[in-house]
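# Overview (structure and organization)
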Number of protein chains: 2
Amino acid sequence: ENNASPSDGVFQKKAGMPARRSQHLLTDGYTNARLAHCEDSVKGRFDAILPTLKRVAGLSYGPDFVESAQRIARQTLDFDLSEELLDKAWVGGADMKALYAQCSFSALQAAAAQFVEDLNQQLETVEDTRNFFLDCGFHAVDISPCADGRLKGLTRYILRLPLSSFTRRKAYAGALFDVETDVHHWEETELRRFREGVPTPPESGTRYLKIAVYHTSSSDPSHQGCAAHGSNEHAALDGALERLNQFREAIENTFCCGASTDILLIGVDTDSDAIKVHVPDSKGDLSQHRVVDNAQLYRDTINLSADQARVAIYEAISKPNQQSPGWGAGEGQPHEGMRKLIANLLINNLSQIEYVEDLYDGCYPDIGHAERYISVGDGFDEVQMRNIAYYAHLHTLEEGVADMDVGIKIFTGLNVTRGLPIPVAIHYRYNAKVPGSRERTVVKAKRVEAAIRERYADLDGKGLLVCHLSVQDRPTGSAIETVGASA
Amino acid sequence: ENNASPSDGVFQKKAGMPARRSQHLLTDGYTNARLAHCEDSVKGRFDAILPTLKRVAGLSYGPDFVESAQRIARQTLDFDLSEELLDKAWVGGADMKALYAQCSFSALQAAAAQFVEDLNQQLETVEDTRNFFLDCGFHAVDISPCADGRLKGLTRYILRLPLSSFTRRKAYAGALFDVETDVHHWEETELRRFREGVPTPPESGTRYLKIAVYHTSSSDPSHQGCAAHGSNEHAALDGALERLNQFREAIENTFCCGASTDILLIGVDTDSDAIKVHVPDSKGDLSQHRVVDNAQLYRDTINLSADQARVAIYEAISKPNQQSPGWGAGEGQPHEGMRKLIANLLINNLSQIEYVEDLYDGCYPDIGHAERYISVGDGFDEVQMRNIAYYAHLHTLEEGVADMDVGIKIFTGLNVTRGLPIPVAIHYRYNAKVPGSRERTVVKAKRVEAAIRERYADLDGKGLLVCHLSVQDRPTGSAIETVGASA
Ligand SMILES: [Zn+2]
Ligand SMILES: [Zn+2]
Ligand SMILES: [Zn+2]
Ligand SMILES: [Zn+2]
């Protein structure tokens, strides 16, 4: 008996979801608590900025102004206010726009530091995950989600994978990843296997796995879906699937004999973080309709024992889309390692479904935009949290101008209407092994900043556009180096 | 006795150069004649455009206007005028700016076709050259000259190497090539060796050779040198050398054990096309001062027998920079294959020195700018001819805007002052093996066109900016596909 009676009041959390008497037995309550604490403290830092600055604004200027302001800041923020900005306050008062920007970037840096610390505590999990992927027959995992801010927590929260240099993540608007760049990454990976046998030698039979992740909004699918595809779920799915097939074909065309890759397509409901996994057939082909819906699986398995639930998950993978099996027909089952991987991703995601269930009654309150800053460039990969940044992945504004225009529009609504500037964090990765790479990357960051200031000169002229420039070496968890900050 | 007496009049071609009684015995008169014919016909096609159009402008409009115009064109050009443009002439006369642009692009296409035909006649030479490089111990040769139009004939004319997919050419302003892109090409090359043993298996001990080419102007070094380095020869040399060292170091840092490459630096005097070759030492290191000057070598060997000249060349390589040997001191000789390669490049270049000597008295009349169009993007690799295009290698105008501004400035002088539009040929290569690559490349060409039209809206509004868009598959000699032409 799965459904509670209507009179069950207190357990009936949301229409359509079964009442829950206990947690799902496959979920990880300990990690959920840790992640909740992390979300709390990161978002809390941003949320404390405005109240703090309002109190500072209430101080009258006097000999102890700077000290009083810092005292207030220390009570509510965990970083100092800029001494330089406070020192200037005696002429015409403190520059609140500049302080707001400084606080936003300080909160961002604190978040990054927190995630890096978190990473360092996960070293064992990283090694386990790496071995798990190898066990499943994958020597590399390359994930391209949509750049939408609501997917920013994909690996840490939604899929519960530790960040590491083993998995590669690169977000693109609409999950429309760059096939040429990915072929290049495939080449690098293969060359390392041939030259060094790392992580597996070429004759081992392991495979390169490319995953694309699209998204939808179950409660408002035609407005809060993927903006890059006009909130059309079918377009989002088809677009990502086409790129996956192009990637696989490009490698088969370019490198003969055995140069094969596995592809996998995942959908995320950004209201609940529940995933859908498109199950490959024995030939590695995907279908729009051969899919396991983890929200459904959560409901179906919530009252089962852990072992029963595991069996049910494997059954769902071997018989995906039971509602209309004809549509998603494929040629047989995926290989064993792929089935194991998918089962693991589904189980991991059950914890996240429960996380959203527990904290937000199964549906985030911010189903739309509530970002704290615009992230331009390679993005802060380590900062894995939903809806904290609007992300514009671009190497020149010329190529990414459509994404950037959307970001500026969103933040005109969020910030400018309240007189607050738009914080733009321009961040690029360099490769310390390539001489001159850091210098060239700094030049690139400055070029992009100049292009942004030129295009949005109107906002810039009013002090409503504040840029922060930083660079970072390639390895996951490297130090973030500030190379420019200017109001 | 090397110098002719002052009374030798007719043989005394240029002060400082020895009078010549006969050709240098190591030069290739047959190829010189073929190349002269090629230069004549390609430049002739461009030079015939204005006189032809002036005659067409003299025709009065009548029922046989189109036919008469085409008859004139057929006499002097080897392509037709646009019927569409001629048909419109009854209202307000023929659009001469549009016809000029159409003729320029037609001349360019004819030149490209001619070079492709020339390529097809060189198939044996290509195979010979490939074997020669392999003999010298090189499995790949990657050349980055400065993008200056005066180096556009580098491989075909100055170095006398046949174009092929074996050698890779990519021009950059100031020869400041992109280290990351080149590391990527190195990776592709190595992966193919590991996977397929092509062109040599990894255990063969052959090497990857990276060559950078800077330039100077011997007759006006401080004005007609490399614009990207402010016509400062030392800066041009140092800039290219730094990139070469960065490239070598990047590969050694990234790929351990035996991942070594050879580097070579060449200077070109764009007045005479004479080269200077910087000779590596036994460790592969280069020096600004350890250099063989081929103009000097030409003078020193002009009266020797072929065998004596060859010996003299090898001696120069083993003792470069005899004038001040201390400055360019290195640790021993380069390996035998490298010496063989350098000797061959020097001998090849003797023919080009003689070519310029014969046709232009040892110094081109157009030591400055006399380009026919602006080439944007990947450039027409097959069109290997000096001073025919101003080249702006760019993938976004944002990155390449400085180069493009210079080009527009040059053509404002060359064309706009005479009321003629600036022909801009936007050309990109795609990879037919990567699905969707051609479509994405066409989109890129159109994006760059839009950015150019926006930046130079002033010229565009007056019809003084005409763009031609084309794409081409990767292999050398592939068809050039027009994907857009608009006045
Ligand atoms: Zn590649
Ligand atoms: Zn999206
Ligand atoms: Zn690479
Ligand atoms: Zn130059």
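Residues numbered from 1 in each chain as written. Chains lettered and ligands numbered in written order. Predicted model: local features only at pLDDT ≥ 70, side-chain atom pairs only at ≥ 80, totals over all residues. Heavy atoms only, no water.

Chain A is annotated in an unreviewed UniProt entry as Carboxysome shell carbonic anhydrase from Leucothrix pacifica. The record in UniProt for chain A states the following under Cofactor (unreviewed entry): "Zn(2+)". What UniProt states about chain A under its Catalytic activity (unreviewed entry) heading is, verbatim, "hydrogencarbonate + H(+) = CO2 + H2O". (UniProt positions renumbered as here; feature names shortened; annotations may be inferred.)

Before going further, it helps to spend a moment on the nonpolar core. Counting 133 residues, the largest nonpolar core has Leu264(A), Leu341(A), Leu264(B) and Leu341(B) as the members making the most contacts within it. Setting aside its immediate chain neighbours within four residues, Leu341(B) contacts Phe132(B), Phe133(B), Cys136(B), Phe138(B), Leu209(B) and Leu264(B). (Core = buried A, V, L, I, M, F, W, Y, C linked by side-chain atoms within 4.5 Å. Buried < 20%, exposed > 50% of the residue type's maximum accessible area, 1.4 Å probe, protein only. Contact = heavy atoms within 4.5 Å.)

Helix length check: helix H14 (residues 437-455) of chain B, at 19 residues, gives a terminal C-alpha distance of 27 Å against a target of 27 Å (1.5 Å per residue), a fit within 8%. Those residues of H14(B) that fall on the buried side of the exposure criterion are Ser437(B), Thr441(B), Val442(B), Ala445(B), Val448(B), Glu449(B), Ala451(B), Ile452(B) and Arg453(B). (Helix = DSSP H or I, 4+ residues; strand = E, 2+ residues; numbered from the N terminus. Expected span 1.5 Å × (residues − 1).)

Another aspect to go through is the interface of chain B and chain A. In this complex, chain B contributes 36 residues to the contact, which on the side of chain A involves 36 residues. Both sides of the chain B and chain A interface together cover about 3,400 Å² of buried area, and 54% of this is carbon and sulfur. Counting the surface chain B buries against chain A, the share from its top three residues, Leu191(B), Arg195(B) and Glu398(B), is 21%. Measuring nitrogen to oxygen at the nearest pair gives 3.6 Å for the salt bridge that ties Glu180(B) to Arg440(A). Here chain B is connected to chain A by 15 residue pairs in polar contact (both at pLDDT 80 or more). When contributions to the side of chain B that touches chain A are tallied by element, the ones reaching two or more residues are helix H8 (179-196), helix H9 (233-254), helix H13 (397-414) and H14 of chain B. (Buried area = accessible area lost by both parts, 1.4 Å probe. Salt bridge = Lys/Arg side-chain N within 4 Å of Asp/Glu carboxyl O. Polar contact = N/O pair within 3.5 Å; in protein donor to acceptor, adjacent residues only side chain to side chain.)

It is worth spelling out the coordination of the zinc ion (ligand 3) at this point. For the zinc ion (ligand 3), the protein coordination sphere consists of His184(A) (NE2), Glu188(A) (OE) and Glu187(B) (OE), at 1.9 to 2.4 Å. Of this pair, Glu188(A) sits in helix H8 (residues 179-196) while Glu187(B) sits in helix H8, which puts the two residues in different chains. Here the two residues Glu188(A) and Glu187(B) agree in accessibility, since each one is buried. (Donors = N, O, S within 2.8 Å, 3.2 Å for Na, K, Ca; no water.)

All names here are of chain A. The strand order S2-S1-S3-S4-S5-S6 describes an open sheet built from 6 strands, whose pairing is mixed. Looking at strand neighbours, the two that pair on one side only are strand S2 (167-169) and strand S6 (291-293), the edges of this open sheet. Each strand of the sheet is rotated relative to its neighbour by a mean of 20°, with strand direction disregarded. The pairing of strand S4 (residues 261-269) with strand S5 (residues 275-278) spans 4 bridges and is classified as antiparallel. Within S5, the residue paired with valine 268 across the bridge is isoleucine 275. The strands touched by helix H9 (residues 233-254) are strand S3 (207-216), S4 and S5; relative to S4, the strand with the most contacts, the crossing angle is about 165°. (Pairing = 2+ DSSP bridges. Axes fitted to C-alpha atoms, helices over the stretch in contact; angles between N-to-C directions.)

All names here are of chain B. A sheet is described by the order of its strands in space; here 6 strands give the open sequence S2-S1-S3-S4-S5-S6, paired in mixed fashion. A strand with exactly one partner marks an edge of an open sheet, and here the two such strands are strand S2 (167-169) and strand S6 (291-293). Looking at each pair of strands side by side, their axes are set apart by 20° on average, direction ignored. Relative to strand S4 (residues 261-269), strand S3 (residues 207-216) runs parallel, the two being bridged by 9 bridges. In the strand pairing of S4, lysine 210 is matched with isoleucine 263. Strands strand S1 (138-145), S3, S4, strand S5 (275-278) and S6 of the sheet are contacted by helix H12 (residues 336-360), whose axis makes an angle of about 20° with S4.

Residue and element names in this part refer to chain A. At 2.0 to 2.2 Å from the zinc ion (ligand 2) lie its protein donor atoms, namely Cys146 (SG), His215 (NE2) and Cys226 (SG). Linear spacing of the donor residues for the zinc ion (ligand 2) on their chain is C-x68-H-x10-C. Remark: cysteine 226 occurs in the loop between S3 and H9 and cysteine 146 occurs in the loop between strand S1 (138-145) and helix H7 (154-158); sequence separation between them is 80 residues. In terms of burial, cysteine 146 and cysteine 226 fall into one category: buried.

Moving on, we get to the packing of aromatic side chains. Applying the stated rule across the entire model yields 17 aromatic pairs over all chains. Note on Tyr61(A) and Phe65(A): the rings are 5.3 Å apart at their centroids and 40° apart in plane angle, and the pair reads as tilted. Classification of Tyr61(A) as partly exposed rests on a relative accessible area of 45%. Since its relative accessible area comes to 4%, Phe65(A) is described here as buried. Measuring from ring centre to ring centre gives 5.7 Å for Tyr157(B) and Tyr355(B), while their planes differ by 65°; the resulting arrangement is edge-to-face. You can see Tyr157(B) sitting in helix H7 (residues 154-158) and its partner Tyr355(B) sitting in helix H12, a full 198 residues away along the chain. An aromatic cluster is present here, built from Phe46(A), Tyr373(A) and Phe380(A) joined pairwise through their rings. (Phe/Tyr/Trp six-rings, centres within 6.5 Å; stacked < 30°, edge-to-face > 60°.)

Mapping chain B onto chain A is achieved by rotating through 180° and translating by 0.0 Å along the same axis, at an RMSD of 0.0 Å. Here the symmetry operator amounts to a two-fold rotation axis. If distances are taken from each C-alpha of chain B to the rotation axis, the shortest is found for Leu191(B), at 2.7 Å. (Least-squares fit on C-alpha atoms with pLDDT ≥ 70 in both.)

To continue, consider the pairing of strand S8 (residues 389-392) of chain B. Residues and elements named next belong to chain B. Residues Ala389 and Tyr391 of S8 are buried on one face, and the alternating residues Tyr390 and Ala392, pointing to the opposite face, are buried as well. Note: strand S7 (residues 373-377) against S8, 4 bridges, orientation parallel. Each residue of the ladder has a partner; that of serine 375, found in S8, is tyrosine 391.

Below, the discussion takes up the packing of helix H2 (residues 49-57) of chain B against helix H5 (residues 96-120) of chain B. Helix packing for two helices is described by the angle between their axes and how far apart those axes are. Residues and elements named next belong to chain B. Between H2 and H5, the shortest axis-to-axis distance is 11 Å and the interhelical angle comes to 145°. Crossing hand, H2 versus H5: right-handed. The residues of H5 that touch H2, namely those facing Ile49, Leu50, Leu53, Val56 and Ala57, are Met96, Leu99, Tyr100, Cys103, Ser104 and Ala107. Along the lines of polarity and charge, the residues of the contact of H2 with H5 split into 10 nonpolar, 1 polar and no charged. (Left-handed = near helix turned anticlockwise from the far one by under 90°. Nonpolar A, V, L, I, M, F, W, Y, C, P; charged D, E, K, R; others polar.)

Another aspect to go through is the pairing of S5(B). All names here are of chain B. Taking the residues between adjacent antiparallel strands as the criterion, S4 and S5 are bridged by 5 residues, where aspartate 273 takes a positive phi near 65°. Pairing of S5 with S6, which is carried by 3 bridges, proceeds in the antiparallel orientation. Looking at the pairing, valine 277 lines up with valine 292 of S6.

Okay, unusual backbone geometry next. Cis geometry is adopted by the peptide bond preceding Pro199(A), which originates at Val198(A) and carries an omega value of -5°. Take Pro199(A): it is sitting in the loop between H8 and S3. Positive phi values are uncommon outside glycine, yet Asn387(A) reaches one of about 55°. Mapped onto the secondary structure, Asn387(A) falls in the loop between strand S7 (373-377) and strand S8 (389-392). Look at Asn387(A) and you get buried, because its relative accessible area is 0%. Although it is not a glycine, Ser231(B) adopts a positive phi angle of roughly 50°. Take Ser231(B): it is sitting in the loop between S3 and H9. Assessed through its relative accessible area of 13%, Ser231(B) is described here as buried.

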